[in-house]
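# Observations on the three-dimensional arrangement
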Amino acid sequence: MTAAGEAHAPGARGPAGTIPLAVPNIGDLERRYVLEAVESGFVSSVGPFVSEFERRFAERVGSRHAIACSTGTAAIHVGLLLLGVGRDDDVFCSDFTFVGSVNPIAYCGARPVLVDAETTTWNLDPVLLAAELDRRAVAGEAQPRVVEVVHVLGQPADMEPLMDACDRHGIPVLEDAAESLGATWTGGRYAGRHTGTVGRIGCFSFNGNKIATTGGGGMIVTDDDDLAARARHLTTQAKVPDVGYLHDEVGYNYRLTNLAAGLGLAQLERLDEFVAAKHRIAARYDEAFADLPLVRPPRVAGLDATYWLYSVLVPETDGRGRDELLAHVGDVGVGARALWRPLHAQPPFLTAPVLGGTVGDGLFSRGVSLPCATDLTDADQQRVVDAVRGFFA
Ligand SMILES: *Cc1c(COP(=O)(O)O)cnc(C)c1O
């Protein structure tokens, strides 16, 4: 079974020739930069690749600042701290997402309030959010410290009504853009903006299964000079320039290494190629499945998704559904995978308040992600298509 995030050699097949779900695409440029980092002796968290990666990343997504972190989860943790999240605060968060979105809320001692997805983009439902914020305002109840909006599967959220609701109540937004590097809004108020740059803070991940990888890594982006300075401070053990070791608060060892940043810089230079590959793979699946009773990934006007993980919803017919499809394609070496169990059903968060929840349950019970590594060959994609079509034949 090939899991998202498992390491594979480039282009390698998983166990028994399985076509992997999503694996890094590593080439000569990556080899060159990583070797350069090794040979320079700057392998740790100081070095020219880190600042160059940050500068180029900020430029690519259109943000004033970018601060490289050791993981996406660490980036979100620091992002929440920057926005003042502390013990017993409420933080609203998408319910239908990977657990890396919500664990940092728990690290802060805060309480996640899980907001269901909507059916168009599969992201946090602005109607549920606005209704709850308005209700709390009328009832005189405390508002959440932060609203964390996740752009799942490379699909930008319906951001205008989300921002309107949060702005109305003065609540800062943190965007978990871990899965949506390369995705943008093409219409409406945020046309031309990259995911992660609309809220006060945006967080990205460079885990091995993401569209661009540093092995492990993350990035915080913000336009706010003070937040950026504080992000650097908190991620480097809160060290104050001083002859002795002076640390003015509890900090974190969350910086990205120069070695990893070398890999990241090469991947960033190839990001357009990766996004184009994801689009090409998605278009081919869409066409090949057009006559099947599958729900294909959302195509929403005004949003340019990356289809980071190409995912379909499988109808339950004659007692056959998601699990039977997974078993069927797995038998012929296709590394497909179920979508995430919603956070409200995860053991550490069973007692978290939930707004809605049935949409996320439906996405989980029917959702399947198909192999879509950026170096997926046409022949391998055809094998996936044949396997899926065979299930419905
Ligand atoms: C991958 C991911 C994270 C965590 O990133 P890591 O780099 O693996 O720590 C957080 N949120 C979402 C939505 C993710 O997909």
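Reference entry: report on the structure contained in this document.

Conventions adopted
Residues numbered from 1 in each chain as written. Predicted model: local features only at pLDDT ≥ 70, side-chain atom pairs only at ≥ 80, totals over all residues. Heavy atoms only, no water. Helix = DSSP H or I, 4+ residues; strand = E, 2+ residues; numbered from the N terminus. Rg over C-alpha atoms; globule rule 2.2 N^0.38 Å. Buried < 20%, exposed > 50% of the residue type's maximum accessible area, 1.4 Å probe, protein only. Contact = heavy atoms within 4.5 Å. Near = heavy atom within 4 Å. Polar contact = N/O pair within 3.5 Å; in protein donor to acceptor, adjacent residues only side chain to side chain. Areas by Shrake-Rupley, 256 points an atom, 1.4 Å probe, with all protein chains shown as cover. Phe/Tyr/Trp six-rings, centres within 6.5 Å; stacked < 30°, edge-to-face > 60°. Lys NZ or Arg CZ within 6 Å of the ring centre and 35° of its normal. Salt bridge = Lys/Arg side-chain N within 4 Å of Asp/Glu carboxyl O. Lys, Arg positive; Asp, Glu negative; His and termini not counted. Pairing = 2+ DSSP bridges.

### Examining the overall build of the protein chain
Of regular secondary structure, the protein chain possesses 12 helices and 15 strands. Relative to the 2.2 N^0.38 estimate, which gives 21 Å for 393 residues, the radius of gyration of the protein chain is 21 Å and therefore close to what a compact globule would have. In terms of its C-alpha atoms, the protein chain occupies a principal-axis envelope of roughly 70 × 60 × 40 Å. Counting over 393 residues, the protein chain shows a buried share of 57%. Contacts in the protein chain between residues at least 24 apart in sequence constitute 72% of all its contacts with a sequence separation of at least 6.

### A few points about the environment of Ala191
When you line up the elements, Ala191 lands in the loop between strand S6 (184–185) and strand S7 (201–205). Relative accessible area serves as the criterion here: at 39%, Ala191 is assigned to the partly exposed category. Linking Ala191 and Pro104, residues 87 residues apart in sequence, is a C-alpha distance of 30 Å. The residues touching Ala191, leaving out its near neighbours within four places in the chain, are Trp185 and Thr186.

### Thoughts on the site of the ligand
Taken together, 16 residues sit near the ligand, with Thr73, Asp176, Glu179, Ser205 and Lys210 positioned nearest. Between the ligand and Gly72, the relevant distance is 2.8 Å, taken from an oxygen atom to a main-chain nitrogen or oxygen of the residue. Here an oxygen atom of the ligand and a side-chain polar atom of Thr73 are 2.5 Å apart. Taking 380 Å² as the accessible area of the ligand by itself, protein coverage stands at 93%.

### Brief notes about the packing of aromatic side chains
Inspection of the entire model under this criterion finds 11 aromatic pairs. Look at Phe57 and Phe204: their rings are 5.0 Å apart centre to centre, the planes differ by 75°, and that puts the pair in the edge-to-face class. Here Phe57, found in helix H2 (residues 48–61), pairs with Phe204, found in strand S7; they are 147 residues apart in sequence, far enough to count as distant. Here Phe57 matches Phe204 in class, with each residue buried. Ring-pair connections join several aromatic residues into one group, and the members of that group are Phe53, Phe57, Phe204 and Phe206. Above the ring of Phe391, the side-chain terminus of Arg320 is found at 3.9 Å from the ring centroid. Its guanidinium or amino end placed over the ring of Phe364, Arg322 lies 4.8 Å from that ring's centre, counting from NZ or CZ.

### Observations regarding the pattern of salt bridges
Summed over the entire model, instances satisfying the criterion amount to 26 salt bridges. A salt bridge links Asp90 to Arg136; the nearest nitrogen and oxygen atoms lie 2.9 Å apart. Remark: Arg136 occurs in helix H5 (residues 126–139) and Asp90 occurs in strand S2 (residues 90–94); sequence separation between them is 46 residues. Neither Asp90 nor Arg136 differs from the other in exposure class; each is buried. When salt bridges that share partners are traced, they join Asp90, Arg111, Glu132, Arg135, Arg136 and Glu141 into one network.

### Digging into the side chain of Glu118
Within the secondary structure, Glu118 is located in the loop between strand S3 (111–115) and H5. We note that Glu118 is buried and unpaired, the nearest opposite charge coming from Arg366 at a distance of 12 Å. Only 2.6 Å separates the side chain of Glu118 from the backbone nitrogen of Thr120, close enough to count as a polar contact. Excluding its chain neighbours within four sequence positions, the residues that come into contact with Glu118 are Asn123, Leu124, Asp125, Pro126, Asp158 and Val359.

### Considering the pairing of S7
Two faces make up the sheet, and in a regular strand the side chains alternate between them. Along S7, 5 of the 5 residues are buried, which leaves the element largely enclosed by surrounding structure. Every second residue of S7 is oriented toward a common face, with Ile201, Cys203 and Ser205 on one face and Gly202 and Phe204 on the other, all of them buried. Where strand S5 (residues 173–176) lies against S7, 3 bridges are found, and the strand directions are parallel. Note that in S7 the partner of Asp176 across the bridge is Cys203. For S7 and strand S8 (residues 218–222), the ladder comprises 4 bridges, and the chain directions are antiparallel. What sits directly across from Ser205, in S8, is Gly218.

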